[in-house]
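In case you want the letters, here they are:
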Protein chains: 2
Amino acid sequence: MKAKVHVTLKPGVLDPQGKAVAHALDALGFDDVKDVRQGKYLEIDIDDTDSSAAEDRVQDMCRKLLANTVIENYRVEIDASGET
Amino acid sequence: MKAKVHVTLKPGVLDPQGKAVAHALDALGFDDVKDVRQGKYLEIDIDDTDSSAAEDRVQDMCRKLLANTVIENYRVEIDASGET
């Protein structure tokens, strides 16, 4: 089963990586870009066959390793079909 | 208008960052993790008011800066509501 995880900075937390991308886009002529926020995207392939058990497990992974919950939000989606 | 961009490594391209995450999860006791692939997720706030023009523009940004199209795929979604 595939789990898709988005980890994003909480609103208000400074995002220097996003700012760098925004400046680089501006330098390339994309001057209509107002703001860029960069996050992480993970696709996790797990053995669980039950999607609600898998979701609980991935939520647990987020809290323990994947996200810094002080400054980051995370979102878990389970894709039971196994497609990416 | 908000554009959401996913940049992921093409299948078959080695992903050392994903492997490191998979090993760290295994070390934390998540031994049901078979594979992890890590990508980037960007939220871009642009001035365009027309969603198809905005999508073209963001596709162009992906080709020119955000994705290395030799080894990475990208996917653009336009969210006209401006919600994250």
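Just so it is clear, the model here is predicted, and its values are computed rather than measured.

This brings us to the overall build of chain A. In terms of helices and strands, chain A carries two helices and three strands. Against the compact-globule benchmark of 12 Å for 84 residues, chain A has a radius of gyration of 16 Å, which places it well outside the compact range. Taken over 84 residues, chain A has a buried fraction of 42%. Residue pairs in contact within chain A that sit at least 24 positions apart in sequence constitute 71% of those at least 6 positions apart. Mean positive and mean negative side-chain charge positions of chain A (11 and 17 charges, respectively) differ by 6 Å.

The buried count for strand S2 (residues 33-46) of chain B comes to 10 of 14 residues, which makes it a mostly enclosed element. Sheet topology places strand S2 (residues 33-46) of chain A next to S2(B); 13 bridges connect them, and they run antiparallel. The residue bridging Asp45(A) from the neighbouring strand is Asp35(B), located in S2(B). Looking at chain direction, strand S1 (residues 2-9) of chain B and S2(B) are connected through six bridges and run antiparallel. Residue Lys4(B) lies in a different strand from S2(B), and its bridge partner there is Glu43(B).

Further remarks concern the relation of the copies chain A and chain B. Its rotation angle being 180°, the transformation that places chain A on chain B also includes 0.0 Å of axial translation and leaves an RMSD of 0.0 Å. This pairing of chains is accounted for by a two-fold axis. Rotation axis and chain A: the residue whose C-alpha lies nearest the axis is Lys40(A), separated from it by 2.4 Å. Looking at chain A, 100% of its interface residues are interface residues in chain B too, so the copies touch through the same face.

A separate point is the environment of Pro16(A). Along the chain, the position of Pro16(A) falls in helix H1 (residues 16-27). Each C-alpha atom of the pair Pro16(A) and Gln38(A) lies 9.0 Å from the other, and the pair is 22 residues apart in sequence.

The next thing to look at is the environment of Gly39(B). Within the secondary structure, Gly39(B) sits in strand S2. Expressed as a C-alpha distance, the spacing of Gly39(B) and His6(B), which sit 33 residues apart in the sequence, is 7.2 Å. With sequence-adjacent residues up to four places away left out, Gly39(B) is seen in contact with Lys40(A), Tyr41(A) and Val7(B).

Okay, the interface of chain A and chain B next. Of the residues lining the interface, 32 residues belong to chain A; the matching set on chain B comes to 32 residues. Summing the contributions of chain A and of chain B, the shared interface buries around 3,000 Å²; its carbon and sulfur component is 61%. Its largest share of buried area at the contact with chain B, chain A owes to Phe30(A), Asp32(A) and Tyr41(A), together 21% of the area lost on that side. Linking chain A to chain B there are 15 residue pairs in polar contact (both at pLDDT 80 or more). Contributions of two or more residues to the side of chain A that touches chain B are made by strand S1 (2-9), H1, S2 and helix H2 (51-66) of chain A.

Reading the values: the criteria
Residues numbered from 1 in each chain as written. Chains lettered and ligands numbered in written order. Predicted model: local features only at pLDDT ≥ 70, side-chain atom pairs only at ≥ 80, totals over all residues. Heavy atoms only, no water. Helix = DSSP H or I, 4+ residues; strand = E, 2+ residues; numbered from the N terminus. Rg over C-alpha atoms; globule rule 2.2 N^0.38 Å. Buried < 20%, exposed > 50% of the residue type's maximum accessible area, 1.4 Å probe, protein only. Contact = heavy atoms within 4.5 Å. Lys, Arg positive; Asp, Glu negative; His and termini not counted. Charge placed at Lys NZ, Arg CZ, Asp CG, Glu CD. Pairing = 2+ DSSP bridges. Least-squares fit on C-alpha atoms with pLDDT ≥ 70 in both. Buried area = accessible area lost by both parts, 1.4 Å probe. Polar contact = N/O pair within 3.5 Å; in protein donor to acceptor, adjacent residues only side chain to side chain.

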